[in-house]
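One-letter residues, chain by chain:
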Amino acid sequence: MGSGTGAGGDKSSAADSPLAGRLNYLFANMHPPGAPYTNAHVADEISHSDEYGGVSLTEQYLSMLRNGKRTNPSPDVLRALARFFAVPVGYLLGDLSPSQTERIEEEVRFLVAMRDQRVRGIALRAVGLPPEVQDSLTTIISQFRQQMNLPPEPPAPGAPEGEASR
């Protein structure tokens, strides 16, 4: 494996970089309805808003972080990216426990699901119902998923079609 210094690091990939994997996960899933954010949009937002502490970020550098060619950004860049995607900086650093990481990714899956107006309507209609009724609704939904040959749980965002979440 390479020294990570960059010049000869063309064999490096996003698969080799946990940071790249986490950034790509956030780009693929944490966006408004419609299309995912572009590197240019995120870099521009961070660079031109006081909200991110005066961090200057280029589209090219962000691309290198996402493809694993750069793996050690400054703490300020990490904080700005974490703030932009509304996740703890520890998630990007890989400092969280597996259960904390899973909780962050579960929240992301929830936010993705809530983009669907029908799903949001079903969830909101369940608010205030007694727990036993909510459990019954969950059972009914599971039965429908089974009848339609769907996995028991929806796939994780960004997972290949037909692959159930962990």
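The coordinates are above.
Counting restarts for each chain: residues are numbered from 1 in the order of the written sequence. It should be noted that, the model being predicted, local features are given only for residues of pLDDT at least 70 and side-chain atom pairs only at 80 or more, the latter also being counted only at that level, while totals for whole chains, interfaces and linings use all residues. Note that the side-chain values use all heavy atoms of the structure and ignore hydrogens as well as water.

Caption draft 1: Seen up close, the pattern of salt bridges. By convention in these notes, a salt bridge is any Lys or Arg side-chain nitrogen within 4 Å of a carboxyl oxygen on Asp or Glu. Applying the stated criterion across every chain yields a total of 2 salt bridges. In this structure, arginine 109 and glutamate 102 form a salt bridge, with 2.4 Å as the shortest nitrogen-oxygen distance. Residue classification places arginine 109 among the buried residues on the basis of a relative accessible area of 19%. The exposure class assigned to glutamate 102 is partly exposed, which follows from its relative accessible area of 24%. Think of it in three bands: residues with accessible area under 20% of the maximum for their type are buried, residues over 50% are exposed, and the middle band is partly exposed, with areas taken using a 1.4 Å probe on protein chains only.

Caption draft 2: Seen up close, the packing of helix α1 (residues 18-29) against helix α6 (residues 98-113). The convention used is that axes are lines fitted to C-alpha atoms, helices contributing only their stretch in contact, and that angles between N-to-C directions extend from 0 to 180 degrees. To qualify as a helix, a DSSP run of H or I must reach at least 4 residues; to qualify as a strand, a run of E must reach at least 2; elements of each kind are numbered from the N terminus. Contact geometry of α1 with α6 gives a least axis separation of 10 Å together with a crossing angle of 20 degrees. Relative to α6, α1 is oriented roughly parallel. When you trace α1 past α6, the crossing you get is left-handed. Counting all contacts with α1, which are made through Tyr25, Leu26 and Asn29, the residues of α6 involved are Glu105, Val108, Arg109 and Val112. Oblique is the label for every angle not falling under 35 degrees (roughly parallel), over 145 degrees (roughly antiparallel), or within 65 to 115 degrees (roughly perpendicular). By the definition used in this description, the sense in which the near helix is turned from the far one sets the handedness, with an anticlockwise turn below a right angle giving left-handed and a clockwise turn giving right-handed. Contact definition: two residues touch when any of their heavy atoms are within 4.5 Å.

Caption draft 3: A nonpolar patch on the surface, seen in detail. Residues Leu129, Val133, Leu137, Ile140 and Phe144 make up a contiguous nonpolar surface patch of about 390 Å² in total accessible area. When its relative accessible area of 40% is taken as the criterion, isoleucine 140 is described as partly exposed. Patch membership requires more than 30% relative accessible area and the absence of a salt bridge. Residues of like charge join within 9 Å; the nonpolar side chains Val, Leu, Ile, Met, Phe, Trp and Tyr join within 5 Å. Per-residue and other accessible areas follow the Shrake-Rupley method at a 1.4 Å probe size, with only the shown protein chains counted as cover for residues.

The values are spatial; any link to function lies outside them.
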